[in-house]
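Fold and contact review
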Amino acid sequence: MPKLSILDLVRVTEGTDARTAMDNARDLAAHAENWDYNRIWVAEHHNMAGIASAATSLVVSHMAAGSKKIRVGAGGIMLPNHAPIVIAEQFGTLERLYPGRIDLGLGRAPGTDQITVRALRTTQEAAERFPQDVMELQAFFKPVQPGQRVQAVPAAGTRVPLWILGSSHFGAMLAAELGLPYAFASHFAPAHLMAALEIYRSRFKPSEQLDKPYAMVGVNIIAAETDAEAQRLSTTQKMSFANLLRGTRSFSQPPIDNIDDYWSPAEKAQAQNMLARSIVGSPDTVGKGIETLVSETGAEELIIVSDVYDHGARLRSFELIASTQN
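Conventions adopted
Residues numbered from 1 in each chain as written. Predicted model: local features only at pLDDT ≥ 70, side-chain atom pairs only at ≥ 80, totals over all residues. Heavy atoms only, no water. Helix = DSSP H or I, 4+ residues; strand = E, 2+ residues; numbered from the N terminus. Buried < 20%, exposed > 50% of the residue type's maximum accessible area, 1.4 Å probe, protein only. Contact = heavy atoms within 4.5 Å. Areas by Shrake-Rupley, 256 points an atom, 1.4 Å probe, with all protein chains shown as cover. Salt bridge = Lys/Arg side-chain N within 4 Å of Asp/Glu carboxyl O. Core = buried A, V, L, I, M, F, W, Y, C linked by side-chain atoms within 4.5 Å. Axes fitted to C-alpha atoms, helices over the stretch in contact; angles between N-to-C directions. Parallel < 35°, antiparallel > 145°, perpendicular 65-115°, else oblique. Left-handed = near helix turned anticlockwise from the far one by under 90°. Nonpolar A, V, L, I, M, F, W, Y, C, P; charged D, E, K, R; others polar. Phe/Tyr/Trp six-rings, centres within 6.5 Å; stacked < 30°, edge-to-face > 60°.

Attention shifts here to the overall build of the protein. What the protein contains, in helices and strands, is 13 helices and nine strands. Looking at the protein as a whole, 53% of its 326 residues are labelled buried. For the protein, long-range pairs separated by at least 24 residues make up 72% of all intrachain contacts whose partners lie at least 6 apart in sequence. For the protein, the accessible area works out to roughly 14300 Å², and carbon and sulfur atoms hold 53% of it.

In this section: the pattern of salt bridges. In this structure the tally under the stated criterion is 16 salt bridges. Measuring nitrogen to oxygen at the nearest pair gives 2.9 Å for the salt bridge that ties Lys 205 to Glu 177. One end of the pair, Lys 205, is in the loop between α8 (193-203) and β7 (215-223); the other, Glu 177, is in helix α7 (residues 169-178), with 28 residues separating them in the sequence. In this structure Lys 205 comes out as partly exposed when scored by relative accessible area, which is 40%. When its relative accessible area of 45% is taken as the criterion, Glu 177 is described as partly exposed. Among the salt bridges present, the one from Asp 257 reaches Arg 232, with a minimum N-O distance of 3.1 Å. Taken together, the residues span a long stretch of sequence, with Asp 257 in the loop between α10 (235-246) and α11 (265-274) and Arg 232 in helix α9 (residues 227-233) at a distance of 25 residues. Residue class for Asp 257 comes out exposed when judged on its relative accessible area of 71%.

This brings us to the nonpolar core. One broad trend across soluble globular proteins is that nonpolar side chains are buried collectively. In terms of nonpolar packing, the biggest core is built from 84 residues, with Tyr 37, Leu 104, Leu 302 and Ile 321 touching the most fellow members. Examining the composition of this core, we find that six residues originate from one element, β7, more than from any other. Tyr 37 has contacts with Leu 4, Ser 5, Ile 6, Ala 32, Ile 70, Ile 304, Phe 318, Ile 321 and Ala 322, leaving out every residue within four places of it along the chain. Counting eight residues, the second-largest nonpolar core is a separate cluster that includes Met 239, Phe 241, Ala 271 and Leu 275.

It is at 8 Å that the axes of helix α1 (residues 18-34) and helix α2 (residues 56-65) come closest, and there the two elements cross at 45 degrees. Classed by the angle they form, the pair α1 and α2 counts as oblique. Crossing hand, α1 versus α2: right-handed. Only Val 59, His 62, Met 63 and Ala 65 of α2 make contact with α1, whose side of the interface consists of Met 22, Asp 23, Ala 25, Arg 26 and Ala 29. Residue composition of the contact of α1 with α2, grouped by class: six nonpolar, one polar and two charged.

Glancing now at the packing of aromatic side chains. Enumeration according to the criterion identifies six aromatic pairs in this entry. Ring geometry for Tyr 37 and Phe 318: centres 5.8 Å apart, planes at 90 degrees, overall edge-to-face. Placement of Tyr 37 in the loop between α1 and β2 (39-42) and of Phe 318 in helix α13 (residues 311-323) is noted, with a sequence separation of 281 residues between them. Owing to a relative accessible area of 4%, Tyr 37 belongs among the buried residues under this scheme.

Structure below.
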């Protein structure tokens, strides 16, 4: 039975605000640890009014402060946007505040569009330096070495565990080479999932952090009392994908009765490709879907997106998902 974890999108819904989204994330963390979820992550996205986790380390701290034992972290930090020493300082601080609970997942995408990339002052060259930056960041979390003149205070010696995130073969190869755990983003880019996992496992080199491959698979799961209600709740996420394809960045919208009234056939086809690994339904349907996914992928852990509009319904979705593994 795999471990279950959560990727919280920190969605701002119509009629609420960013503070509500962050408080809901904190509340979810508190509930999730009582349902035996292993970790809860948030991701770095910029210039998206409907996602409140741009200042990722601050949101991680807010969630960690409202919970007691669940691991909390970034899934992920887009490292080309930052100097490695700054991220080491931020997550080393988090580890000092919440010892033994902090994760740091790393991606090489900018987490936004090209106009915002320029505002972030990042470049294509920064993305090409990603492997070197990961190793530099990793070194900052180790104990200070004799003669080391630059330290990430207070990160030195915290050994915050690093993860490599990916949606293509590149991340799989890097995670394998560095001997790090690997999280694949099949919740929005499922096409290369199986190939990436094969590359990761076949090329894995043991490291100080990890002695054998450890793969986590991202998956959209929405659970409700019935299949029909879960399908209705899922229209919120489907509208978000349609909006993304249209280049609009609206707030999370309440579910509707017929998604085909909202999206065009072309948008439907493209969104369904991105959502191909989704599991939506009653606890029985969800349980069977999880069993099939784990059997196919051999994943040690699933990290679940349950993009439901109403916070109470989202809590219930995660509660029902957890109940399928008991």
